[in-house]
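# Descriptive analysis of the structure
Single-letter residue listing:
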Amino acid sequence: MKHSLYYKFILGYLAFWLLSFAAISTLSARMMYRHQTEIYAEAMYDEANMIATSYSSVYLGKKQDMDTAYAQLQAVAEFVKAEVWIVNRQGTIVADSAGSARVKTEIEGFDPAGTGNKSYSTGDYYGQFPYDVLSVSAPITGNYNTYGYVLVHVPVSIIWETSNQSLNVIYISAAVIFALSLIILLVFTKTVYFPLKRITEGANEYAAGNLEHHIELNTRDEMGYLAATLNYMSGELDKMEVYQRNFIANVSHDFRSPLTSIKGYLEAIIDGTIPPEMYEKYLTRVIAETERLTKLTQGMLTLNSLDSKGYLSRTSFDINRVIKDTAATFEVTCNARDITFDLTFSEAILMVYADLGKIQQVLYNLIDNAIKFSHHGSTIYIQTYTRNEKIFVSVKDTGIGIPKDSVKKIWERFYKSDQSRGKDKKGTGLGLAIVKEIIQAHGENIDVISTEDVGSEFIFSLPRSAGA
């Protein structure tokens, strides 16, 4: 875009004014000429009628001094800057305000009705002038007869001169408007071009990988909003880049540990460090490590599928029954640690509209977490209740709780608090991330309330089935 937009705007701006000037010079000039012609024709016609009325007195039986009449012709001619003729019906010039040069001259083809609907005509008036004139005629009448005509002629050049003088005012006004309109160009430069230039530079920095670049643009218009959006985007991309680095580091760590263990055990078996009678013990550990890798891989595949749209298969089912069935799968684990479940349901049957398999996975992960961080002989409380058109599920333990600085991080992929690593090294750090992705995919929310050394409670909502 290098300067092209700005130059296009300037070229468009100049083209606009050039076309405007051309329009003023042509259309306005013609319109002004027509307007001035109408004004001149009207004034000349009034004068011609006045003279015609004066001459008509001769034919009404009154006497008139021709010297006085000639002086009147000269006065009118001087007043309107025109040449005045008196012509008889045959087209012979009887009197001329310019003297006797044309007196007794016969106008060939003289036709007083040749102007048609108009009261005037333009041209050389039957070849009598070497230049174009505006001609107006008025009949001289008496005793209900027409005896001649008064003709008034004004050079067209005078009309053009008057029109141009009027146009000069328009040209000066246009020039002033053009000068003032430069403010628009300055405003565009300041509010659009310079901000857009900064935004473009920022975009190039982001494209080059410099996500820490900040676009300095503090305006409250669309450009400022765009700059703020790009700054926010770059910040989020920078966070994502950090997240990706951490993600790769966590994946590498979580894969490396079991692979190192498997490799060590197998090498020890091969080189004889582990005696044959101990094979079963260490092969069992190898299987446990492979199961950990499998679980980690399945978790990553689950998260990958959750990132895709439209993966949910919703049906109506009883959430209470799903909770009972899921809790029953932990019977052996709970018996070994003397942990019991306390199930409390606000209604015997609570129908929800959701993906049954995914909600089972949510409950399994939450209950598994609760058991993992609960003390021996403790109780895990699971409760369902309704509020408006939502059904809420609560899974609460009385275990070690979550440190305050870790509460917001537990939803991150591969995140494990220090206590989690110390308590259970088999975790993948994906369980709660999967839980949140599933609940959000349903358009619902999940929250956690936790106090260190007191316990944690996870609460999520589900839409109630329409038929329930």
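What this report covers is the structure whose coordinates are included nearby.

A few words now on the nonpolar core. Across soluble globular proteins, nonpolar side chains show a tendency to be buried alongside one another. Counting residues in hydrophobic clusters, the biggest one holds 34 residues, and the most contacted among them are Ile-319, Ile-359, Leu-363, Leu-366 and Phe-460. Listed by contribution, the elements that provide at least two residues to this core are helix H6 (319-328), strand S8 (351-355), helix H8 (356-372), strand S9 (379-387), strand S10 (390-396), helix H10 (431-441), strand S11 (446-451) and strand S12 (455-463). Sorting elements by how many residues they give to this core places H8 first, with 7 residues. Look past the residues within four positions of Ile-319 in its chain and what remains in contact with it is Leu-350, Val-352, Ile-359, Leu-363, Ile-391, Val-393 and Leu-462. Listed in part, the 24 residues of the second largest apolar core include Tyr-33, Ala-41, Ile-51 and Ile-86.

Turning next to unusual backbone geometry. Positive phi values are uncommon outside glycine, yet Tyr-125 reaches one of about 50°. Looking at the element boundaries, Tyr-125 is found in the loop between strand S3 (120-123) and strand S4 (133-142). The buried category is assigned to Tyr-125, whose relative accessible area is 11%. At Tyr-126, a residue that is not glycine, the phi angle is positive and equals roughly 55°. Positionally, Tyr-126 belongs in the loop between S3 and S4.

Attention now moves to H8. With 17 residues, H8 ought to run about 24 Å at 1.5 Å a step, and its terminal C-alpha atoms sit 24 Å apart, in line with that. Buried within H8 we find Lys-358, Ile-359, Val-362, Leu-363, Asn-365, Leu-366, Ile-367, Asn-369, Ala-370, Ile-371 and Lys-372.

With respect to the secondary-structure elements, Phe-21 resides in helix H1 (residues 4-56). With 154 residues separating them in the primary sequence, Phe-21 and Ala-175 have C-alpha atoms 9.4 Å apart.

Attention now goes to the sheet that holds S9. A sheet is described by the order of its strands in space; here 5 strands give the open sequence S7-S9-S10-S12-S11, paired in mixed fashion. The sheet is open, and its two edges are formed by strand S7 (340-345) and S11, each paired on a single side. Sheet twist, expressed as the mean angle between neighbouring strand axes with direction ignored, is 15°. Looking at chain direction, S10 and S12 are connected through 7 bridges and run antiparallel.

Sheet architecture is open: 5 strands sit in the order S2-S1-S5-S4-S3, paired in antiparallel fashion. The strands lining the two open edges of the sheet, one partner per strand, are strand S2 (93-96) and S3. Taken over all neighbouring pairs, the strand axes of this sheet differ in orientation by 25° on average, direction set aside. Two elements, S4 and strand S5 (residues 145-155), share 10 bridges in a ladder whose sense is antiparallel. Residue pairing in the sheet places Thr-141 in a bridge with Thr-146 of S5. On top of the sheet, H1 reaches strand S1 (83-88), S3, S4 and S5; it is set at about 25° to S4, its chief contact. Along the sheet, helix H3 (residues 156-207) makes contact with S4 and S5, crossing S5 at roughly 50°.

Contact pair H8 / H10: the axes reach a minimum separation of 9 Å and the direction vectors enclose 145°. In this structure, the crossing between H8 and H10 has a hand that is left-handed. Where H8 abuts H10, its residues Lys-358, Ile-359, Gln-361, Val-362, Asn-365, Leu-366 and Asn-369 lie against Gly-431, Leu-432, Ile-434, Val-435, Ile-438 and Ile-439. Of the residues in the contact of H8 with H10, the class split is 8 nonpolar, 4 polar and 1 charged.

Packed helix pairs are specified by the crossing angle of their axes together with the interaxial distance, meaning the distance between the axes. In the contact formed by H6 and H8, the axes pass within 10 Å of each other and the chain directions differ by 50°. Taken together, H6 and H8 sit at an angle that is classed as oblique. Of the two possible hands of crossing, H6 and H8 adopt the one that is right-handed. Within the contact between the two elements, H6 uses Ile-319, Val-322, Ile-323, Thr-326 and Ala-327 and H8 uses Leu-356, Ile-359, Gln-360, Leu-363, Tyr-364 and Ile-367.

Thresholds, definitions, all that
- Residues numbered from 1 in each chain as written.
- Predicted model: local features only at pLDDT ≥ 70, side-chain atom pairs only at ≥ 80, totals over all residues.
- Heavy atoms only, no water.
- Core = buried A, V, L, I, M, F, W, Y, C linked by side-chain atoms within 4.5 Å.
- Buried < 20%, exposed > 50% of the residue type's maximum accessible area, 1.4 Å probe, protein only.
- Helix = DSSP H or I, 4+ residues; strand = E, 2+ residues; numbered from the N terminus.
- Contact = heavy atoms within 4.5 Å.
- Expected span 1.5 Å × (residues − 1).
- Pairing = 2+ DSSP bridges.
- Axes fitted to C-alpha atoms, helices over the stretch in contact; angles between N-to-C directions.
- Left-handed = near helix turned anticlockwise from the far one by under 90°.
- Nonpolar A, V, L, I, M, F, W, Y, C, P; charged D, E, K, R; others polar.
- Parallel < 35°, antiparallel > 145°, perpendicular 65-115°, else oblique.

So, to be careful, I would describe these as geometric facts and stop short of saying anything about function.
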